[in-house]
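Below, each chain spelled out in residue letters.
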Amino acid sequence: MTKRLEGMVALVTGAGRGIGLAIAERLARDGARIVLCNLDEDEARAAARELSVLQGGQQVPIAIGDLSDETVAKAAVNTAIEAHGRLDILVNNAGGGIILPFAEHTPQTIRTTIDRNLWTAIWCCYYTLPVMREQGFGRIINVGADSVRNGLWAHAAYNAAKGGVHGMTTGLAREFAMDGITVNTVAPCATNTPQMAEISARDPELANKFLSVIPMGRPAEMEEIAALVSYLASREAAFTTGQVISINGGSTML
Ligand SMILES: NC(=O)c1ccc[n+]([C@@H]2O[C@H](COP(=O)([O-])OP(=O)(O)OC[C@H]3O[C@@H](n4cnc5c(N)ncnc54)[C@H](O)[C@@H]3O)[C@@H](O)[C@H]2O)c1
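Residues numbered from 1 in each chain as written. Predicted model: local features only at pLDDT ≥ 70, side-chain atom pairs only at ≥ 80, totals over all residues. Heavy atoms only, no water.

Novice: I keep staring at a negative patch on the surface and nothing clicks. Help me out?
Specialist: On the surface, Asp66, Asp69, Glu70 and Asp115 cluster together into a negatively charged patch. As for its position among the elements, Asp66 is in the loop between β3 (62-64) and α3 (70-84). With relative accessibility at 37%, the residue Asp66 sits in the partly exposed group. (Patch = residues over 30% accessible without salt bridge, like charges linked within 9 Å, V, L, I, M, F, W, Y side chains within 5 Å. Areas by Shrake-Rupley, 256 points an atom, 1.4 Å probe, with all protein chains shown as cover. Salt bridge = Lys/Arg side-chain N within 4 Å of Asp/Glu carboxyl O. Lys, Arg positive; Asp, Glu negative; His and termini not counted. Charge placed at Lys NZ, Arg CZ, Asp CG, Glu CD. Helix = DSSP H or I, 4+ residues; strand = E, 2+ residues; numbered from the N terminus. Buried < 20%, exposed > 50% of the residue type's maximum accessible area, 1.4 Å probe, protein only.)

Structure below.
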């Protein structure tokens with residue numbers, strides 16, 4: 001049987017660990033050829049080795065660098081084109097919060113939060129969309145955050161960045177609707193990742209508050225996020241665009 005993403009090329013940002021790696025693994029299992037971009041080179045190389053096994057030993061191209069720098073984003077897109085001649089799926093996963101009460105942020109931690117979560121996604125979209133328009137096909141999936149909808153404790157700066165990602169989703173979806181390109185965002189609640197484990201270790205009370213708003217009483221699993229990304233990346237999701245879809249155990253319900 002043909003796999004769902006057979007013949008498609010996917011660039012997954014921040015795929016060195018956590019949710020990004022889970023997404024890359026799922027897309028690879030579903031038949032896509034993966035290209036990674038990551039800030040940390042060691043993480044990226046370890047992830048590429050692991051993903052290569054899922055791709056029948058095929059090498060996984062890597063771009064290293066900070067995607068909030070537009071030249072790195074451009075190079076990452078070029079890496080995919082040089083390796084495979086096309087780019088069908090862009091997953092803007094690179095990010096991560098500096099989770100602090102707004103009053104405890106410094107100007108630098110606020111800038112870093114916006115750089116890491118919003119500029120990374122903007123530049124990757126900017127350099128990917130002309131390629132997708134030329135192909136007449138593309139799937140962009142951003143990783144946003146459900147905290148934008150429920151205003152979670154200590155998330156104001158992070159929500160400013162992720163809210164920008166949510167906003168870009170609707171605008172790009174409309175602009176590229178006639179080009180065979182869909183643009184959607186998946187918005188997870190607290191997820192069972194190393195990043196969440198760090199928050200739990202540092203401030204268990206805060207981590208428990210994050211869980212207290214989830215009717216199902218548990219964090220999301222990374223694989224649950226990857227499953228939705230895989231669907232949105234597929235050809236059968238052709239009529240779903242401009243959506244911000246929460247994966248949140250019922251934390252917000254509209
Ligand atoms: N963990 C959660 O509970 C949670 C909840 C909602 C949304 N999210 C979002 O999901 C995504 C993944 O989260 P995670 O918990 O797996 O994060 P993580 O910190 O474990 O991993 C993020 C990865 O992105 C890479 N990265 C970070 N900044 C980068 C940059 N500027 N350029 C290139 N690569 C960069 C890092 O090297 C790392 O490999 C993030 O966008 C995060 O904001 C996470």
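Novice: Just checking my understanding: could you explain the sheet that holds β3 for this structure?
Specialist: Strand pairing within a sheet occurs via backbone hydrogen bonds; the two strands may be parallel or antiparallel. Taken in spatial order, the 7 strands of this open sheet run β3-β2-β1-β4-β5-β6-β7, and their pairing is parallel. Whereas interior strands pair on both sides, the edge strands pair on one side only; in this sheet they are β3 and β7 (244-247). Strand-to-strand twist across the sheet, computed as the mean angle between neighbouring axes with direction ignored, equals 15°. Together, β1 (9-13), β2 (33-38) and β3 form the strand contacts of α3, whose direction differs from that of β2 by roughly 160°. Across the face of the sheet, helix α9 (residues 222-233) comes into contact with β4 (89-92), β5 (138-143), β6 (181-188) and β7 while running at roughly 170° to β6. (Pairing = 2+ DSSP bridges. Axes fitted to C-alpha atoms, helices over the stretch in contact; angles between N-to-C directions. Contact = heavy atoms within 4.5 Å.)

Novice: Would you mind showing me how to read the nonpolar core here?
Specialist: The tendency in soluble globular proteins is for nonpolar side chains to be buried as a group. Counting residues in hydrophobic clusters, the biggest one holds 36 residues, and the most contacted among them are Ile23, Leu27, Ile34, Leu36, Ile89 and Val186. Elements supplying a minimum of two residues to this core: β1, α1 (18-29), β2, α2 (41-54), β4, β5 and α9. Those residues in contact with Ile34, other than ones at most four positions away along the chain, are Ala10, Val12, Ala24, Leu27, Ala28, Leu51, Gln55, Val60 and Pro61. Within the second largest apolar cluster, 31 residues are counted, among which are Val35, Ala73, Ala76 and Ala80. (Core = buried A, V, L, I, M, F, W, Y, C linked by side-chain atoms within 4.5 Å.)

Novice: Honestly, the site of the ligand in this entry has me stumped. Any pointers?
Specialist: Within the structure, the ligand sits among 30 residues, and Arg17, Glu43, Asn93, Tyr158 and Lys162 are positioned closest to it. Between a nitrogen atom of the ligand and a side-chain N or O atom of Asp66, the distance comes to 2.8 Å. Here the ligand, which alone exposes 830 Å², has 94% of that area covered by the protein. Broken down by secondary-structure element, the contributors of at least two residues to the shell around the ligand are α1, α4 (107-135), α6 (156-175) and α7 (194-202). (Near = heavy atom within 4 Å. Polar contact = N/O pair within 3.5 Å; in protein donor to acceptor, adjacent residues only side chain to side chain.)

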